[in-house]
Amino acid sequence: MKFSRLVALPLLIASSFSMAEVIQGTNYQSPYCGCCGAWVEHMEENGFDLDVVKTAEMTPIKIKLGLQPALASCHTAQIDGYTFEGHVPAEDIKRFLAEKPQRMIGLTVPGMPIGSPGMEQGSTKQPFEVLAFDKNGKTMVWARHNQ
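For every chain, the first residue of the written sequence is number 1, and numbering continues from 1 along that sequence. A pLDDT threshold of at least 70 governs which residues receive local features in this predicted model, and a stricter bar of 80 or more applies before side-chain atom pairs are shown or counted, although totals over entire chains, interfaces and linings include all residues. Computation of side-chain values covers all heavy atoms of the structure but excludes hydrogens and water.

> Before we go on, may I ask you to explain the sheet that holds strand 1 (residues 23-29) in this structure?
Each strand in a sheet pairs with its neighbour through backbone hydrogen bonds, running either in the same direction (parallel) or in the opposite one (antiparallel). In this analysis, strands are considered paired if DSSP registers two or more bridges between them. Only DSSP runs of H or I with at least four residues qualify as helices, and only runs of E with at least two residues qualify as strands; both kinds are numbered from the N terminus onward. Strand order in this open sheet of seven strands is 2-1-3-4-5-6-7, and the pairing throughout is mixed. Of all strands in the sheet, those with a lone pairing partner are strand 2 (48-54) and strand 7 (139-145), marking the two edges. Direction aside, neighbouring strands of the sheet carry axes that sit 20 degrees apart on average. Relative to strand 2, strand 1 runs parallel, the two sharing seven bridges. Its bridge partner lying in strand 2, Gly25 is registered against Leu50. Strands strand 1, strand 2, strand 3 (76-79) and strand 4 (82-86) of the sheet are contacted by helix 2 (residues 34-45), whose axis makes an angle of about 160 degrees with strand 2. Between N-to-C directions, angles span 0 to 180 degrees; the directions come from axes that are lines fitted to C-alpha atoms, helices contributing only their stretch in contact. What makes two residues a contact is simply this: any of their non-hydrogen atoms within 4.5 Å.

Here is the structure:
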């Protein structure tokens, strides 16, 4: 009896630490978009657990979450009260959630650059910037990739 408790306790502790590392959120995406699913897979591989809501009515969601049209991409995620638009790498989202920059309400990768998470095309990689944005649409460069 004592031996089984000694084995079970470390397993219980290890599983609770693993559960604490998962970051939960919701991803809104078109039911017709394949790259959105590939981005969700990228996020899951990096410790996120996203509920997926498929809808053809993306514009009202983007407006409600404070996203300006010039900053839009194909899918919109809501994580920990912040908005993440398009193919933002998981590492940039983790850094944003850790730093919680003042005034900023999220990150975006406008458009759909080849080589961003979910938009992989073999070895082809376009340079792209991840922008932090505030409720007025003012942006700052958060990260640069494939430079």
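> So what exactly am I meant to see when it comes to the pattern of salt bridges here?
Once the charged atoms of two side chains with opposite charge are near each other, the side chains can pair. A pairing counts as a salt bridge when a side-chain nitrogen of Lys or Arg comes within 4 Å of a carboxyl oxygen of Asp or Glu. For the structure shown, the criterion picks out four salt bridges. Here Arg95 and Glu99 are joined by a salt bridge, their closest N and O atoms 3.2 Å apart. You can see Arg95 and its partner Glu99 sitting in helix 4 (residues 90-99), four residues apart, about one turn around the helix. Partly exposed describes any residue whose relative accessible area lies between the buried limit of under 20% and the exposed limit of over 50%, with all areas from a 1.4 Å probe on protein chains only and scaled to the type maximum. In this structure Glu99 comes out as partly exposed when scored by relative accessible area, which is 48%. Among the salt bridges present, the one from Glu129 reaches Arg144, with a minimum N-O distance of 3.1 Å. A residue pair is termed long-range when its members are at least 10 positions apart, and Glu129 in strand 6 (residues 128-134) and Arg144 in strand 7 qualify at 15 residues.

> So what exactly am I meant to see when it comes to helix 2 here?
Each α-helix turn comprises 3.6 residues. Residues three or four places apart therefore point the same way. In this analysis, the expected span of each helix is defined as 1.5 Å times one less than the number of residues it contains. The end-to-end C-alpha distance of helix 2 is 17 Å, a good match for the 16 Å that twelve residues give at a rise of 1.5 Å each. If you check which residues of helix 2 are buried, you get Cys35, Cys36, Trp39, Val40, His42 and Met43. Buried positions in helix 2, seen along its axis, are confined to an arc of 155 degrees and lie on one side of it. Facing away from the buried side of helix 2 by more than 90 degrees, the exposed set consists of Gly34 and Glu45. Its buried side turned inward, helix 2 meets strand 1, strand 2, strand 3, strand 4 and helix 4. This arc describes the spread of directions from the helix axis toward the C-beta atoms.

Geometry only, nothing functional implied.
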